[in-house]
Structures are given as C-alpha cells and as structure tokens.
Amino acid sequence: IDRASPYLFPPVITVETVIAEEDDPDENLGFGMIFFPGMLFMAVLFTGQNLSADLWQERASGTLRRIIGTPQTLWDFLFGKLAAHALSLLVISLAGLALGRWVFRLPLENLLLGAVWTTFAGFVMLLLFTLLQQLSTSQRGGNLLTTVILFPLIMLGGSFFPFEVMPDWLAVVGKLTPNGWSLVQLKAILTGNLEAARLGFTTLLLAGTGALLVGANLIRLRSFARGV
C-alpha cells in the first residue's frame, strides 16, 4: 500500500471529457468529388463564352438587320437564341454528370437536379458574356473582353484550383464570385448536403442577376444590330 499510494492517492491518471468537433463535409470528399464539379463548371463557362460570340456571326450575315425590318422583334430573336443555348448547356451538364457517375464511379447524388443547377448558373454567365460581346466594337475585342473576365473567374471560382486546396483567405474570396458560390451549391447538391434555405437564396440571387442581364441585353441589342 505504501508503495502504491503515490499512484493511487491521488490517481496519476486523470479522465478528461472532450467533445469532438463535427467534421466539415468538404474535408470528407474524395479526390474525384473535389475536382470534378469545378471541371464541369469550367466546361460550361467556356461553352457559354463560345456561344455568346454567335451574335457576331448573325450581325455579319445581316440576320439582325433583316429582323429589324420584319414584324418579328429582336426580343423574339434573342429569346429564341438564348433558349437554344440553354438547351446546349443542359446537354453538356447531363453528359458531364453522367460521365462522372458511370465512368469515374463518382457517388453523385441528385444528378438531375445538379444538371439543372449547372445549366441555370451557366446560363446566367452566358447572359453576362452576351452583354460583353454587344458592348465590344469587334468580334476580336468581344472575345478578348470575355476571356479577360472569364479566366480570373474560373481561377478564383474553384475550377482551376479547388477551394479545398486554396489558402483559407483565397477560398473565401473565390466563394464570393458568381461561379464560386454557384459551384459551392453544386457540390452540396451532388454530395447530398443540400440545404433548402441556402438553395432558395442562391436561386433568387441568380435569378435576379439574370433578369437584370436580360434587360441589359435587350436594351443593347438594337444598337448592336445596327452596328452602333
């Protein structure tokens, strides 16, 4: 007893209760799920940039000028063009997600919702590129302007470098870009960590931005068609 007393009175071993912090869902993503959504988003953005340049071909061929002299309005033309482009983005989104699911075996949840969301966010960016094309004085200038805007967005927005490997301060900045917070929401959809309130807020924000861009495109289109 005398020999054991230094260890027993008081006990050498103490018990401490520690509450473990909840894991960050992003830290549990696999390699494919970290890189794949950003790569898909980058493909959609590049597609949107290329589709926006189609307006220059329509003006060069005289289509826009002829429409001004017909009962059909430029608004009808623009909406039809945008609807066709949106369909193209949807096909690319579905094909990309299907490729990730069945070829790379990525555990993608809510695949259809993810495709719709990617198309929606990509369409808003397409509206921005279309407006920038109309504000340019030439097709080369339009391509240059959209590229100058596009590359910083995809570099900061988690496409070139995923947010998970960025420094914390840079990831915070990147998630504030339009494609950045759209990408964060896409990852939440694909991993099953969807929050209805955040999805609703982001949808309203994107829809409001898209409505403003549609109005700006409509205002600028007549001058663009006349070469002004």
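About the cut-offs
Residues numbered from 1 in each chain as written. Predicted model: local features only at pLDDT ≥ 70, side-chain atom pairs only at ≥ 80, totals over all residues. Heavy atoms only, no water. Core = buried A, V, L, I, M, F, W, Y, C linked by side-chain atoms within 4.5 Å. Buried < 20%, exposed > 50% of the residue type's maximum accessible area, 1.4 Å probe, protein only. Helix = DSSP H or I, 4+ residues; strand = E, 2+ residues; numbered from the N terminus. Contact = heavy atoms within 4.5 Å. pLDDT = per-residue confidence, 0-100. Axes fitted to C-alpha atoms, helices over the stretch in contact; angles between N-to-C directions. Parallel < 35°, antiparallel > 145°, perpendicular 65-115°, else oblique. Left-handed = near helix turned anticlockwise from the far one by under 90°. Nonpolar A, V, L, I, M, F, W, Y, C, P; charged D, E, K, R; others polar. Salt bridge = Lys/Arg side-chain N within 4 Å of Asp/Glu carboxyl O. Polar contact = N/O pair within 3.5 Å; in protein donor to acceptor, adjacent residues only side chain to side chain. Expected span 1.5 Å × (residues − 1). Bend = angle between axes of the 7 residues up to and from the residue. Patch = residues over 30% accessible without salt bridge, like charges linked within 9 Å, V, L, I, M, F, W, Y side chains within 5 Å. Areas by Shrake-Rupley, 256 points an atom, 1.4 Å probe, with all protein chains shown as cover.

**A closer look at the nonpolar core**
Grouped together as the largest cluster of nonpolar side chains are 48 residues, with contacts concentrated most on L97 and L108. Elements with a contribution of two residues or more to this core: α2 (31-52), α3 (54-60), α4 (63-68), α5 (74-102), α6 (111-135), α7 (139-156), α9 (178-190) and α10 (196-225). It is α6 that provides the largest number of residues to this core, a total of 11 residues. If we ignore the near neighbours within four places in the chain, the residues touching L97 are F36, L40, L108, L111, G114, A115 and L190.

**Details of unusual backbone geometry**
For N110, which is not glycine, the phi torsion reads 50° and is therefore positive. Among the secondary structure elements, N110 is positioned in the loop between α5 and α6. Assessed through its relative accessible area of 37%, N110 is described here as partly exposed.

**Details of the confidence of the model for the protein chain**
Averaged over all residues, the pLDDT of the protein chain is 86; the fraction at 70 or higher stands at 88%. Of all secondary-structure elements in the protein chain, the lowest mean pLDDT belongs to helix α1 (residues 5-8), at 65, while α6 reaches the highest, 93. Of the regions scoring below 50 in pLDDT, residues 23-28 engages in three contacts with residues more than four places distant in sequence or in other chains.

**Description of the packing of α5 against α10**
Orientation of α5 relative to α10, taken along the N-to-C sense of each, is 120°, at an axis distance of 10 Å. In terms of their interaxial angle, α5 and α10 are classed as oblique. α10 is crossed by α5, and the crossing has right-handed handedness. Two secondary-structure elements touch here, α5 through L74, W75, L78 and F79 and α10 through V214, N217, L218, L221, R222 and A225. Of the residues belonging to the contact of α5 with α10, the class tally is eight nonpolar, one polar and one charged.

**What about the pattern of salt bridges?**
Enumeration according to the criterion identifies four salt bridges in this entry. The salt bridge involving K81 is made with E58; its shortest N-O contact spans 2.6 Å. Taken together, the residues K81 in helix α5 and E58 in helix α3 connect sequence positions 23 residues apart. E58 matches K81 in its accessibility class, with the two residues each being buried. Here K187 makes a salt bridge to E164, at a shortest N to O gap of 3.1 Å. Residue K187 is found in helix α9, and its partner E164 is found in the loop between α7 and α8 (168-174); the two are separated by 23 residues along the sequence. K187 gets classed as buried once you look at its relative accessible area, which sits at 6%. With relative accessibility at 27%, the residue E164 sits in the partly exposed group.

**Overview of the side chain of T177**
Tracing the chain through its elements places T177 in the loop between α8 and α9. Side-chain polar atoms of T177 contact the backbone oxygen of G174, separated by 2.6 Å. Contacts of T177, omitting those with residues within four sequence positions, involve L153, L156 and G157.

**Comments concerning α10**
Compared with the 44 Å implied by 1.5 Å per residue over 30 residues, the 42 Å span of α10 between its first and last C-alpha is a close match. Along α10, the sharpest change in direction is near 30° and occurs at I219. For α10, the complete set of buried residues consists of L199, T202, L206, G210, L213, V214, N217, L218, L221, F224 and A225. Where α10 is buried, its residues touch α3, α4, α5, α6 and α9. Two residues or fewer past α10, G227 is found with a positive phi of approximately 80°.

**Concerning a nonpolar patch on the surface**
Residues L94, L112, L113, V116 and L194 make up a contiguous nonpolar surface patch of roughly 390 Å² in combined accessible area. It is α6 that provides the largest number of residues to the nonpolar patch, a total of three residues. With respect to the element layout, L112 can be found in helix α6.

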